[in-house]
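Coordinate inspection notes
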Amino acid sequence: MAAVPDIGSASRARALAEFGAALRLLRVEAGMSLRALAQRIGVSSAYLSRVEHGHDAIPTPDRLTAIASALGLRPALLLELGHQVEPLVARYLDRVPAANALFLEIARRRLTGPQLARVKAFIDAEFPLGAPFGAAPAPRLSALLTPERIVLRLSCAHLEDVIDVAASRLAPPGGAIAASALAQEILRRERESPTALGNGVAVPHAILPGACAAAVLATLVEPLAVPTPGGAPLRLIVVLVSGEGGRAHLELLAQVARLAVHDAADALCAAESPAQLIEQLAQLEAGCG
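Moving on, we get to the side chain of Asn-199. Turning to its location among the elements, Asn-199 is positioned in the loop between β2 (196-198) and β3 (201-202). For Asn-199, a relative accessible area of 10% corresponds to the buried category. Only 2.4 Å separates the side chain of Asn-199 from the backbone oxygen of Ala-260, close enough to count as a polar contact.

Here it is, written out as structure tokens:
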């Protein structure tokens with residue numbers, strides 16, 4: 001009799017692999033070695049390597065907060081990527097029991113996603129979070145996209161084809177860099193450090209000094225069977241160009257990683273028009289912060 005696969009175990013293994021891939025991407029882009037980050041947060045390089053390869057459990061909320069601080073990111077981003085938001089909420093409710101009443105009122109009123117986004121906008125305006133190092137908030141991914149930079153149901157055989165199409169839409173006519181040269185730079189970085197993040201999402205990117213942050217989002221007719229952390233073929237690809245590294249660049253990468261965490265690829269790939277996709281993405285970002 002054939003053994004019944006442990007679906008829960010497979011799901012946990014996939015989540016560990018996907019979080020590890022996102023953490024490694026952010027660490028590499030921050031220009032920090034494995035050893036340097038391990039020393040900053042007080043763990044061994046061997047442990048951190050196991051986390052990045054999906055062999056160890058996702059770090060605790062306190063440790064994720066320390067990692068975020070070392071990378072110059074908002075802790076909420078890593079807590080969300082690590083599926084550790086619930087422990088954070090539980091600890092907050094223990095410290096501030098009165099917050100339970102607010103959650104109860106939200107549940108009683110059955111607030112929808114757009115309504116919760118309005119509540120969050122009020123909280124952000126009245127009680128803003130301090131940005132690390134006093135930096136300005138990173139732009140949202142949806143704000144970098146235009147209908148001309150959405151490619152729906154692209155048919156291609158290789159990731160290089162997607163990058164070529166994206167580069168043609170990112171390189172300005174008569175600009176300092178040709179589309180072909182931009183594509184080669186994105187491919188070079190991709191070969192050095194693959195950017196597949198799980199759930200069929202990848203974020204090839206390049207840093208071009210002086211360039212304005214821009215993005216192209218492509219959904220695919222047929223997923224690309226390439227090695228990915230969770231084993232899912234690529235079906236949604238965000239190609240990013242940033243003018244410089246640093247926190248804003250890292251936060252954009254983390255925003256793309258969040259699409260995998262929330263299984264947003266399903267909804268975005270089903271979009272019937274570029275405008276609908278951008279609207280869905282904006283709603284997701286408003287709901288998640």
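Having seen it, we continue.
Looking now at a nonpolar patch on the surface. Taken together, the side chains of Val-119, Phe-122, Ile-123 and Phe-127 present a nonpolar region at the surface, about 400 Å² in accessible area. The residue Phe-122 is located in helix α8 (residues 113-126) in this model.

In this section: helix α2 (residues 34-41). All of the buried residues in α2 are Leu-37, Ala-38 and Ile-41. For α2, the angular spread of the buried residues around the axis is 100°, confining them to a single face. Those residues of α2 that are exposed and angled more than 90 degrees off the buried face are Arg-35, Gln-39 and Arg-40. Within two residues after α2, Gly-42 carries a phi angle of roughly 75°, on the positive side.

Once that is clear, we can look at the environment of Glu-190. Looking at where Glu-190 falls in the secondary structure, it is placed in helix α11 (residues 179-192). Ignoring any residue separated from it by four or fewer positions in sequence, one finds Glu-190 in contact with Leu-159, Thr-195 and Pro-204. Of note is the side chain of Glu-190, whose polar atom sits 2.8 Å from the side chain of Thr-195.

Time to look at the side chain of Arg-27. Structurally, Arg-27 is set in helix α1 (residues 7-29). Setting aside chain neighbours within four positions, we find Arg-27 in contact with Met-32, Ser-33, Leu-34, Leu-37, Glu-52 and Leu-71.

Residues separated by three or four positions in an α-helix point in the same direction, a consequence of the helix having 3.6 residues per turn. With twelve residues, helix α10 (residues 159-170) ought to run about 16 Å at 1.5 Å a step, and its terminal C-alpha atoms sit 16 Å apart, in line with that. Taken together, the buried positions of α10 are occupied by Leu-159, Val-162, Ile-163, Ala-166, Ala-167 and Leu-170. Burial along α10 is one-sided: seen end-on, the buried residues are contained in an arc of 130°. Those residues of α10 hidden inside the fold are in contact with β1 (150-154), α11, β5 (214-224) and β6 (234-242).

Applying the stated criterion across every chain, the model contains twelve salt bridges. One salt bridge in this structure joins Glu-185 and Arg-188, with 2.7 Å as the shortest N-O distance. Of the two residues, Glu-185 and Arg-188 are both situated in helix α11; the distance of three residues between them amounts to about one turn of the helix. The salt bridge involving Arg-235 is made with Asp-266; its shortest N-O contact spans 2.7 Å. Of this pair, Arg-235 sits in strand β6 while Asp-266 sits in helix α13 (residues 264-269), and the two are 31 residues apart along the sequence.

Now for the pairing of β6. With eight of its nine residues buried, β6 lies for the most part within the structure. Across two bridges, β3 lies against β6 in parallel orientation. Bridging from a neighbouring strand, Ala-202 pairs with Ile-237 of β6. Both strand β4 (residues 205-207) and β6 contribute to a ladder of three bridges, which runs parallel. Bridge pairing links Ile-207 to Ser-242 in β6. In this sheet, β6 lies alongside β5 in antiparallel orientation, the contact comprising seven bridges. Counterpart to Leu-217 in the pairing with β6 is Val-238.

A separate point is the confidence of the model for the protein chain. Per-chain confidence: the protein chain averages 87 in pLDDT, with 90% of residues scoring 70 or above. Here residues 1-5 is a poorly scored stretch, pLDDT under 50, and it has zero contacts once near neighbours within four places are set aside; other chains count.

All right, on to the environment of His-205 then. By secondary structure assignment, the location of His-205 is in strand β4. With relative accessibility at 3%, the residue His-205 sits in the buried group. Sequence separation between His-205 and Val-241 is 36 residues; the distance between their C-alpha atoms is 5.6 Å. If near-sequence neighbours (up to four positions away) are discounted, His-205 is found in contact with Leu-25, Glu-29, Ile-186, Arg-189, Thr-195, Leu-240, His-249 and Leu-253. Within polar-contact distance, the side chain of His-205 engages the side chain of Glu-29 at 2.9 Å. A distance of 2.8 Å separates a polar side-chain atom of His-205 from the backbone oxygen of Val-203.

Conventions used here
- Residues numbered from 1 in each chain as written.
- Predicted model: local features only at pLDDT ≥ 70, side-chain atom pairs only at ≥ 80, totals over all residues.
- Heavy atoms only, no water.
- Helix = DSSP H or I, 4+ residues; strand = E, 2+ residues; numbered from the N terminus.
- Buried < 20%, exposed > 50% of the residue type's maximum accessible area, 1.4 Å probe, protein only.
- Polar contact = N/O pair within 3.5 Å; in protein donor to acceptor, adjacent residues only side chain to side chain.
- Patch = residues over 30% accessible without salt bridge, like charges linked within 9 Å, V, L, I, M, F, W, Y side chains within 5 Å.
- Areas by Shrake-Rupley, 256 points an atom, 1.4 Å probe, with all protein chains shown as cover.
- Salt bridge = Lys/Arg side-chain N within 4 Å of Asp/Glu carboxyl O.
- Arc of directions from axis to C-beta.
- Contact = heavy atoms within 4.5 Å.
- Expected span 1.5 Å × (residues − 1).
- Pairing = 2+ DSSP bridges.
- pLDDT = per-residue confidence, 0-100.

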